[in-house]
Structure formats: C-alpha cells, structure tokens
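Observations on the three-dimensional arrangement
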Amino acid sequence: SDAALASLLPALEHAQRVDAAAGCGWGVDPSEALRRGHVGLVNQGATCYMNATLQVLFLVPAFRDGILAAEPAPRAERSPILAEVQATFAFLRDGLARSYDPLPLVTASEALPLTFAATQQNDAAEFLALLSDNLEEALRGSRHASLLRSCFGGTLVQQVVWEEPPPTPGGAPVRKVSEREQSFLQIELDLKGHRSIEESFRALVDGERLEGDNAYELDSGGKVAAVKRLCLGELPPTLVIQLKRFEFDYEKMVNVKLNSECSFPMRLDCSPFTRRGLECAARGEPLPPSPPYELAGVVVHAGSSGGGHYFSYACPRDGPTAGKWFAFNDTKVTRFDEARLPQQCYGGGAAAAARTAAERASASQSGFLLLYRRVESSRHRRIGSA
C-alpha cells in the first residue's frame, strides 16, 4: 500500500547512506524508485481552480525550489498560506502516495480576497494573482523577496508615438516617443476579433490613433496626431498569459464566457512585440535575435461562466519525466499527447456546432492560462530591456 511504501522509505534511505559511506553505492535513489510519478491533488468539491494552477506552478523549477527553501524575514510572522504551499509542494515533490489532500491550503486561502469562498469555484487567474500578492508579502524582507519577480516578472511599456516638424527645411520629421512602464506577473490578452495570441499581441502594438478632438496634448499645450500603444519591455524567464475568456455582457447584465477559437504556438517569438523590436522596425532594421519561448503549461476551463471545471496540461522541465506532457485533473495524472493541444485547448469549432446543452458543456473547453518558458542558450541568458 502507499502507507507501507512511505514507512519503508526512511529505512531504505538510511541504508543507502550507510552503504554510500562505506563506498558501496546503490546506483539508484530509493525515493525515485518507489515514487510512481506525478502526484495528484484532492478536490474539495469545487477547488479544481486551485489544483490546476498549483500543478503548473510546481513545474516551474526555480519557483518550486525557491518556495521550498523560503523562510520568512527575521521577526516576521509566518504566513499560513506560504507554509501550506510549501507543504503541498513538498508532497508533490517527495510524496509516494498517488494524491495529496491540500485541505489545509484551501482553509488558509480563505484569507485571500477571492470573489467566492475558497471552497467554491473561483477564477484561476484571480487565484493566481492573489496568491502571488500574498506570497510576495510573506517573503518581503527575506532573502527570497524577489522570487516571484525573478521567475514571472516583466514590464509592459505604454507608448505614445508622434512626429514633429523637421528642424530644417526639407528635412525628415522627428519621431518622438513618450513612455510609461508598468510591471506584471501575468499578461492579459483580448480574444475578441483575434484568432491567435500573435494577433492579440499585434493589436496591442498597433494601438489606437489619437487625432482630432482626441489628439495627444504636448507639454507645450499644443496637440498632435499620435499612436497610443502597449509593448513588451523586460521579459521574464516564465511568461504567464491570461486569455480573457470571461467578460460582463452589459446588454444581458450577466457574465459570459468567450469560447471563440484562439490558437497559441508551441514556440513563441515575442521580439516583434517588444520595445526593441518596434524601434528596429521603425528604423527599417532587422529584428535583433532573442531567445524564443516554449509552451510549458496550459490551465484549461471547461464549461460556462457560471461554472465548470479546471484542469491543466503541463510539461515538466526537469526530473525523470522532463519533456513529456501530462494531464493534471485533480487526483488523476495521466500522460498526454501534446499533438492534441489544438483540439483540447484552442476553443471554438465543436462548441459552435453543439446542439444540446450536454454537447455544449463538453465542447466549451478552452485554454485560459498559458505558461511559456524562455529557451536559454549560451548566447542568450537574459533578455534585459527588450
């Protein structure tokens, strides 16, 4: 049984250490040999939003290892949520049982200002944002204070671009840019009118025209036609993207889910959407080489805005299963063929053709949170200000 294996492990590890000290290595790690693979998480009834999010976060090695090693700042009160995330991650890493019951973490999460009680269905993106805020506060003043920013933190740059008359007759207009940066741990992308995340990113950098009565006002008091846009500044090692599938319908006065098709690539090149990339395009220069991103995880929502179910697909970055995709559905963890990601995660298609309520419910499955890991190389270790 799982309990018997767990009780046997300490004795095996002790015997291994004794033999290793005597120069007789086993050539095998008992804990790795006994562990069945990835551990599932028990659903408390409607906590799938939490389970699906925790599983993809756990598979970010720098974040997982940082959380497990984290200690609160001296004289700081220990955060119950940090302690329970650590306990959950420890079991996901070392547990021999098929699943772990994170009820203590669910209970501690009642302290988060979620829309609903922690035991009820909540928005996975909202949970991720509030959990991140809580963990940052818990780690403030400690040596792990920058953990979340170093793993997921980047900057968005809001720009206003306009041209001023040439300084000399017959000269070229002078391009001017006003900028304001804001930090992020996850990026929200609109879905309406966009069939891919690349189209959505392109809409951000294309921006909107400011002209006529809405023209941009200069410090001098004059007004000029301009373009207001948003682009990527510094990019993080792990890029978290939220697809905005839920919105409020002001005509019907209800929340609705957008299940329109939105594709996302296995390999994402963000350079055309960065400040540096836009500057190169404006000068007619080729884009500078930058490390791409590889898809590492997807949190999926199946159902409608009024309810449904969350689960996740993810690809471990390290360990014996590195490079293999898995489906994490509460206590059930199974191998997954990544070739099925478009069918399982893009949305649209089947949902539009569904006739019955049951068909619509099963067809309304679509990706909600995307995690991309930056592909490092000896040439590119950090993007810096992109």
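Throughout what follows, the structure given in this document is the object of discussion. Counting restarts for each chain, with residues numbered from 1 along the sequence as it is written. With the structure being a predicted model, the display of local features is reserved for residues of pLDDT at least 70 and the display and counting of side-chain atom pairs for 80 or more, all residues being used for whole-chain, interface and lining totals. Just so you know, side-chain values use all the structure's heavy atoms and leave hydrogens and water out.

Some points on the side chain of R373
The condition that has to hold: A run of H or I in DSSP becomes a helix once it reaches four residues, and a run of E becomes a strand once it reaches two; helices and strands are each numbered from the N terminus. We call a residue buried when its accessible area falls under 20% of the maximum for its residue type, exposed when it is over 50%, and partly exposed in between, using a 1.4 Å probe and counting protein chains only. It only takes one pair of heavy atoms within 4.5 Å for two residues to be counted as in contact.
Looking at the secondary structure, you find R373 in strand β18 (residues 365–374). Among the residues examined, R373 registers a relative accessible area of 15% and is labelled buried. Apart from the residues within four sequence positions on either side, R373 is in contact with P237, P292, Y293, E294, A296, C315, P316 and R317.

Describing the environment of L114
In this structure, L114 sits in the loop between α6 (103–108) and α7 (124–139). When neighbours within four sequence positions are excluded, L114 is seen to be in contact with Y49, S109, N122, E126, F127 and L130.

Comments concerning the packing of helix α4 (residues 61–69) against helix α5 (residues 80–94)
A pair of packed helices is characterised by two quantities: the angle between their axes and the separation of those axes. The criterion, for reference: Helix axes use the C-alpha atoms of the stretch in contact, all axes being lines fitted to C-alpha atoms, and the angles between their N-to-C directions lie in the range 0 to 180 degrees. Any angle that is under 35 degrees is reported as roughly parallel, and any over 145 degrees as roughly antiparallel; angles of 65 to 115 degrees are reported as roughly perpendicular and all others as oblique. Here a crossing is taken to be left-handed if its near helix is turned anticlockwise relative to the far helix by less than a right angle, and right-handed if that turn runs clockwise. The classification used treats Ala, Val, Leu, Ile, Met, Phe, Trp, Tyr, Cys and Pro as nonpolar, Asp, Glu, Lys and Arg as charged, and all other residues, Gly among them, as polar.
Two elements in contact, α4 and α5, have axes whose closest approach is 9 Å; the angle formed by their N-to-C orientations is 120°. Of the possible angle classes, the one that applies to α4 and α5 is oblique. The crossing of α4 and α5 is left-handed. Judged by residue contacts, F63, R64, I67 and L68 of α4 engage L82, V85, Q86, F89, A90 and R93 from α5. A breakdown of the residues in the contact of α4 with α5 according to their chemical character gives seven nonpolar, one polar and two charged.

What to know about a nonpolar patch on the surface
Operational definition: Like charges are joined within 9 Å and nonpolar side chains (Val, Leu, Ile, Met, Phe, Trp, Tyr) within 5 Å, but only among residues with over 30% relative accessible area and no salt bridge; these make up the patches. Each accessible area is a Shrake-Rupley result for a 1.4 Å probe, and residues are judged covered by the shown protein chains and nothing else. Should a side-chain nitrogen of Lys or Arg be within 4 Å of a carboxyl oxygen of Asp or Glu, the pair is scored as a salt bridge.
Where nonpolar side chains cluster on the molecular surface, the patch consists of F248, Y250 and M253 and spans about 370 Å² of accessible area. Residue position: Y250 is located in the loop between β11 (246–249) and β12 (254–257). For Y250, a relative accessible area of 66% corresponds to the exposed category.

What to know about the packing of helix α3 (residues 48–58) against α5
It is the contact of α3 with α5, at a shortest axis distance of 11 Å, that shows an interaxial angle of 65°. When the axes of α3 and α5 are compared, the crossing they make is right-handed. On α5, the residues touching L54, Q55, L57 and F58 of α3 are F89, L92 and R93. Residues of the contact of α3 with α5, tallied by class, amount to five nonpolar, one polar and one charged.

What to know about the pattern of salt bridges
With the rule as written, the count across this model stands at 17 salt bridges. Its salt-bridge partner being D190, residue K244 comes within 3.1 Å of it at the nearest N-O pair. Placement of K244 in the loop between β10 (238–243) and β11 and of D190 in the loop between β5 (187–189) and α9 (197–206) is noted, with a sequence separation of 54 residues between them. The class for K244 is partly exposed, based on a relative accessible area of 30%.

Brief notes about the nonpolar core
To keep it simple, the criterion reads: To qualify as a nonpolar core, a set must consist of buried Ala, Val, Leu, Ile, Met, Phe, Trp, Tyr and Cys residues joined through side-chain atoms within 4.5 Å.
Within the largest apolar cluster, 50 residues are counted, with the highest numbers of intra-cluster contacts made by F63 and F89. If one sorts the elements of this core by residue count, α7 sits on top with nine residues. Residues in contact with F63, not counting those within four places in the same chain, are L57, F89, L135, L147, L148, C151 and F152. In terms of nonpolar packing, the next biggest core, distinct from the first, is built from 37 residues, L156, F264, A302 and Y313 among them.

Topic: the packing of aromatic side chains
The test is simple: Ring pairs shown here join Phe, Tyr and Trp side chains whose ring centres sit within 6.5 Å, with only the six-membered ring taken for Trp; geometry is labelled stacked below 30 degrees between planes, edge-to-face above 60, and tilted in between.
Under the criterion given, the structure shown has 13 aromatic pairs. Centre to centre, the rings of F63 and F89 are 6.1 Å apart; their planes meet at 80°, and the pair counts as edge-to-face. Here the residue F63 occupies a position in helix α4, and F89 occupies one in helix α5, the gap between them amounting to 26 residues. For the pair F63 and F89, one class covers both residues: buried. The structure contains a cluster of three or more aromatic residues connected by ring pairs, namely F58, F63, F89 and F152.

Quick look at the sheet that holds strand β3 (residues 154–164)
For sheets, the rule is that strands pair by backbone hydrogen bonds, running either parallel or antiparallel. Cut-off, in case you're wondering: Strand pairing is assigned whenever DSSP identifies at least 2 bridges connecting the two strands.
Across the sheet, which stays open at both edges, the four strands sit in the order β4-β3-β9-β6 with antiparallel pairing between neighbours. Strand pairing shows two members of the sheet lacking a second neighbour, β4 (174–184) and β6 (208–210), which therefore form its edges. Put simply, the sheet's adjacent strands are angled 25° from each other on average, direction ignored. Of the strand pairs in this sheet, β3 and strand β9 (residues 226–232) are connected by seven bridges, and their pairing is antiparallel. Across the sheet, L156 pairs through a bridge with L232, a residue of β9. Relative to the sheet, α9 contacts β6 and β9, its axis offset from that of β9 by approximately 135°.

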